[in-house]
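# Reading the structure
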Amino acid sequence: MQDAAVMDQHYELQQTQRLSVIVGAGVEARLAAVVEGLSPDGVVIIHDAALCSQAQRIGQLIGAKTLLAVPCDAQAKRLNVVERLAEELHAANTTRATVMVAIGGGTLTDLAGFVAAIYLRGIAFVSCPTTTLSMCDAALGGKNGVDLCGLKNRLGTIRQPNAIVMDTDWLQSLPDEMFREGLVEVIKKAAVLDADRFAKLEQLAPALLTRDADATMQTVAMAVDMKMTVVVADEHEGDKRRALNAGHTIGHAIESLANGSLRHGHAVAMGMIAECRAAKVDTAITQRVTDLLHAIGVDTDTPAHLRNPAKLWEIARHDKKAVRGHVPMYVPMMLGAGAIVDLTEESLARAMS
Ligand SMILES: NC(=O)c1ccc[n+]([C@@H]2O[C@H](COP(=O)([O-])OP(=O)(O)OC[C@H]3O[C@@H](n4cnc5c(N)ncnc54)[C@H](O)[C@@H]3O)[C@@H](O)[C@H]2O)c1
Ligand SMILES: [Zn+2]
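Note that the structure is a prediction, hence the values are computed from the model and not measured.

## Quick word on helix 8 (residues 213-233)
A rise of 1.5 Å per residue sets the reference length of helix 8, with its 21 residues, at 30 Å; its end C-alpha atoms lie 30 Å apart and thus fit the reference within 8%. Among the residues making up helix 8, those that are buried are T216, M217, Q218, T219, V220, A221, M222, A223, V224, M226, K227 and V231. Tucked into the core, helix 8 has its buried residues touching strand 1 (7-11), strand 2 (19-24), helix 5 (132-138), strand 9 (163-167), helix 6 (176-193) and helix 7 (195-209).

## A closer look at the domain arrangement of the chain
Each domain of the chain was delimited in the assignment, giving domain 1 (7-174) and domain 2 (176-353). With centres defined by C-alpha atoms, the gap from domain 1 to domain 2 works out at 26 Å. Tallying the contact residues gives 23 residues for domain 1 and 23 residues for domain 2. Put simply, the parts of the chain that give the side of domain 1 that touches domain 2 at least two residues each are strand 1, strand 2 and helix 5.

## Things to note about the site of ligand 1
For ligand 1, the set of nearby residues contains 25 residues, the closest of which are G105, G106, T107, T131 and A138. Contributions of two or more residues to the shell around ligand 1 are made by helix 4 (106-118), helix 5 and strand 8 (151-155). Split into classes, the residues belonging to the shell around ligand 1 amount to nine nonpolar, 10 polar and six charged.

## Focus on the environment of A50
If you trace the backbone, A50 turns up in the loop between strand 3 (43-48) and helix 2 (52-62). Considering only alpha carbons, one finds A50 and C72, 22 residues apart in sequence, at a separation of 7.8 Å.

## Observations regarding helix 4
With 13 residues, helix 4 should cover 18 Å at 1.5 Å per step; its first-to-last C-alpha distance of 18 Å lies within 8% of that length. With respect to burial, helix 4 is a largely interior element, 12 of its 13 residues being buried. When helix 4 is considered as a whole, its buried residues turn out to be G106, T107, L108, T109, D110, L111, A112, G113, F114, V115, A116 and A117. Positioned one or two residues after helix 4, L120 has a phi angle of 50°, which is positive.

## Regarding unusual backbone geometry
Positive phi, normally seen in glycine, also occurs at S39, with a value near 45°. As for its placement among the helices and strands, S39 is situated in the loop between helix 1 (31-36) and strand 3. Phi is positive for L120, which is not a glycine, with a value near 50°. Along the polypeptide, L120 turns up in the loop between helix 4 and strand 6 (124-129).

## A closer look at the packing of helix 6 against helix 8
The description of two packed helices rests on the angle between their axes and on the distance between the axes. Two numbers describe how helix 6 lies on helix 8: the axes approach to 10 Å, and their chain directions differ by 50°. In terms of axis orientation, helix 6 runs oblique to helix 8. Crossing of helix 6 against helix 8: the hand is left-handed. Contacts between helix 6 and helix 8 involve L183, E185, V186, K189, A190 and L193 from the former and T219, M222, A223, M226 and K227 from the latter. A breakdown of the residues in the contact of helix 6 with helix 8 according to their chemical character gives seven nonpolar, one polar and three charged.

## Points about the pairing of strand 4 (residues 66-70)
When strand 3 meets strand 4, the two strands line up parallel, connected through five bridges. Paired with V44 across the strands is T66, a residue of strand 4.

## Focus on the environment of A304
Inspection of the secondary structure puts A304 in the loop between helix 11 (283-295) and helix 12 (309-316). Taking C-alpha positions, A304 is 32 Å from D194, a pair spaced 110 residues apart along the chain.

## Quick word on the nonpolar core
Soluble globular proteins tend to pack their nonpolar side chains together in the buried interior. One finds V23, M100, V101 and V165 to be the most contacted residues of the largest nonpolar core, which totals 108 residues. Two domains each donate at least three residues to this core, and these are domain 1 (7-174) and domain 2 (176-353). When sequence neighbours within four positions are dropped, the list of residues in contact with V165 reads I22, V27, R30, L31, V34, V126 and C128.

## Examining the sheet that holds strand 5 (residues 99-104)
Read from one edge of the open sheet, seven strands run 1-2-9-6-5-3-4, paired in mixed fashion. The open sheet has two free edges, formed respectively by strand 1 and strand 4, since each of these has just one partner strand. Direction aside, the axes of adjacent strands within the sheet are offset by 15° on average. Two strands pair when backbone bridges link them, and strand 6 and strand 9 are joined in this way by two bridges, in the parallel orientation. For S127, the partnering residue across the bridge sits in strand 9 and is I164.

Reading the values: rules and limits
Residue indices begin from 1 for each chain and proceed along its sequence in written order. The order in which chains are written sets their letters, starting at A; the order in which ligands are written sets their numbers, starting at 1. Local features are withheld for residues below a pLDDT of 70 in this predicted model, meaning they are given only at 70 or higher, and side-chain atom pairs are given and counted only at 80 or more; totals for whole chains, interfaces and linings count all residues. Secondary structure elements are taken from DSSP: a helix is a run of H or I of four residues or more, a strand is a run of E of two residues or more, and numbering for both begins at the N terminus. By this rule the span expected of a helix is its residue count minus one, scaled by 1.5 Å. Around each residue's C-beta, the other C-beta atoms within 10 Å are counted; 20 or more make the residue buried, 12 or fewer make it exposed, and counts in between make it partly exposed. All C-beta atoms are placed from the backbone. A residue pair is marked as a contact if its C-beta atoms, positioned from the backbone, fall within 7 Å. These domain boundaries are the output of an automatic or database domain assignment. Using a C-beta atom placed from the backbone, a residue is scored as near a molecule or strand whenever that atom is within 6 Å of it. All residues other than Ala, Val, Leu, Ile, Met, Phe, Trp, Tyr, Cys, Pro, Asp, Glu, Lys and Arg, Gly among them, are scored as polar; the first ten of these are nonpolar and the last four charged. For every element, the axis is a line fit to its C-alpha atoms; helices are fit only across the contacting stretch, and the angle between N-to-C directions ranges from 0 to 180 degrees. For this classification, under 35 degrees means roughly parallel, over 145 means roughly antiparallel, 65 to 115 means roughly perpendicular, and everything else is oblique. Should the near helix be turned anticlockwise from the far one by less than a right angle, the crossing is termed left-handed; should it be turned clockwise, right-handed. Criterion used throughout: strands pair if DSSP finds at least two bridges between them. Residues enter a nonpolar core if they are buried, belong to Ala, Val, Leu, Ile, Met, Phe, Trp, Tyr or Cys, and are joined to the set through C-beta atoms within 7 Å.

Right under this line is the structure:
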């Protein structure tokens, strides 16, 4: 019988046979069966070095003999780290039938997913994201990779994991600021994809502010379903995935100008509101998005020192999504229905005024 507090969903993808995503409090207990279902010849865990006790506990549950820790700082997503991990996999006699289990936030799942994709040209991969941002976004969709020459995610692949297990109890140790930034990605998706879910998030907001377990589970499950619906329709990143970039055109520019002083989700929240203003979205819609972000404890005002249209434009027009002079944004023209609008230097200046 299906437990009502657990989401256990299967998505049919071209690339992998069938991707199973399990979300809920305590679903860590199901990991052993998930791994066993992949008929492994050994299990190796790659985990965030900050999550050693969790990794050891899970290692015992699933019979992993090799645990490899990675410090998840700004140097983690680098080719030298990929090489070190690959050498350690070799030393641990990893074969094509070994299952890799990754435990950590988006930094770790991006890195380990890349290693799993290229080691012996691909070994089975089970992703266990431990931050709201990785549960609601980074660990979904199969994109993995590392940075190069100071540029984010320059090397990588799109390869779906075999399973994703998200135990919302793992979020308990996450600081509030990080807990909230991942929820911004859910609000972003609902704003451009699903008005009913946006309204549901408005209802859940007070409970999310206090990190209520049931509200968290429902919110993560919504994020999984919205993102996976887009990914199933657009596995190889064509046009449909554009909806997932809402808030990110100006948000990325703000994040880079902030130079590490703003977390990604917070920059995206500011970017969402600035993009609505730049695209002249109906003020009632912009206000609803602003109110919901405030209700979960996220600020939407771009700080004065980052409200520099000339510098932001310079960054935005060199963004990898800009083509032939066009800088596209995906904005909620109606709640739950987005459209592509080009950002211009003038509209950006208006948004920042
Ligand atoms: N692949 C994609 O589609 C995609 C999408 C969005 C973001 N990303 C990537 O995700 C990364 C950011 O991921 P993130 O926001 O999850 O941050 P993160 O993985 O860098 O983790 C942030 C911090 O939280 C700590 N942490 C992780 N889990 C914890 C827990 N349960 N309790 C306490 N501390 C914990 C980490 O040690 C780290 O210090 C970036 O590298 C970004 O490029 C990828
Ligand atoms: Zn994002």
